Amino acid sequence: FHIHFFHYHSYGASLKRRLEDRVCGRGGWHSGGFPCHGKAAFFYGSPGVFSKALTGGSIAHAMVIAWPMSCGGTGTIIELAYGCSIEHQIRGDYKPNMR
């Protein structure tokens, strides 16, 4: 169990835009086309991230990503990703040759 906080870079900004295009103004969890067979949902304000993540199903073995200030600053997107990690891509220090 790890908790990280970091600023995102180009891949992270692009992913956030894709997530916003899919979930802003739409209720429930949305999947398809997200990294790591993931899904995402929008919640107004600053919700309890793990409580809301659990509404998407099991978070065992999942990467839970919170995108605050989403959808025009009205809330938080919570993304679940399964079976891989995109942390380094989001923060911009991914080095595929080091894998």
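This text follows the structure it describes.
Just so you know, these numbers come straight off a predicted model, no measurement behind them.

Reading the values: the criteria
Residues numbered from 1 in each chain as written. Predicted model: local features only at pLDDT ≥ 70, side-chain atom pairs only at ≥ 80, totals over all residues. Heavy atoms only, no water. Helix = DSSP H or I, 4+ residues; strand = E, 2+ residues; numbered from the N terminus. Buried < 20%, exposed > 50% of the residue type's maximum accessible area, 1.4 Å probe, protein only. Contact = heavy atoms within 4.5 Å. Areas by Shrake-Rupley, 256 points an atom, 1.4 Å probe, with all protein chains shown as cover. Disulfide = S-S within 2.5 Å.

**Some remarks on the overall build of the protein chain**
Step number 1: The helix and strand tally for the protein chain stands at three helices and four strands.
Step number 2: In the protein chain, the order of α-helices and β-strands from amino to carboxyl end is α-β-β-α-β-β-α.
Step number 3: The burial tally for the protein chain puts 33% of its 99 residues in the buried class.
Step number 4: Across the protein chain, every contact between residues at least 6 apart in sequence was considered, and the portion connecting residues at least 24 apart equals 56%.
Step number 5: Counting only carbon and sulfur atoms, one obtains 56% of the accessible surface of the protein chain, whose full area is about 6100 Å².

**Let's talk about the state of the cysteines**
Step number 1: As enumerated under the stated definition, the model contains two disulfides in all.
Step number 2: With a sulfur-sulfur separation of 1.8 Å, C24 is cross-linked through a disulfide to C71. The sign of the S-S torsion, about -85 degrees, decides the handedness of the disulfide formed by C24 and C71: left-handed. Here C71 lies in the loop between β3 (62–70) and β4 (75–82) and C24 lies in the loop between α1 (10–23) and β1 (30–31), a separation of 47 residues in the sequence.
Step number 3: On the accessibility criterion, C71 (13% relative accessible area) is buried.

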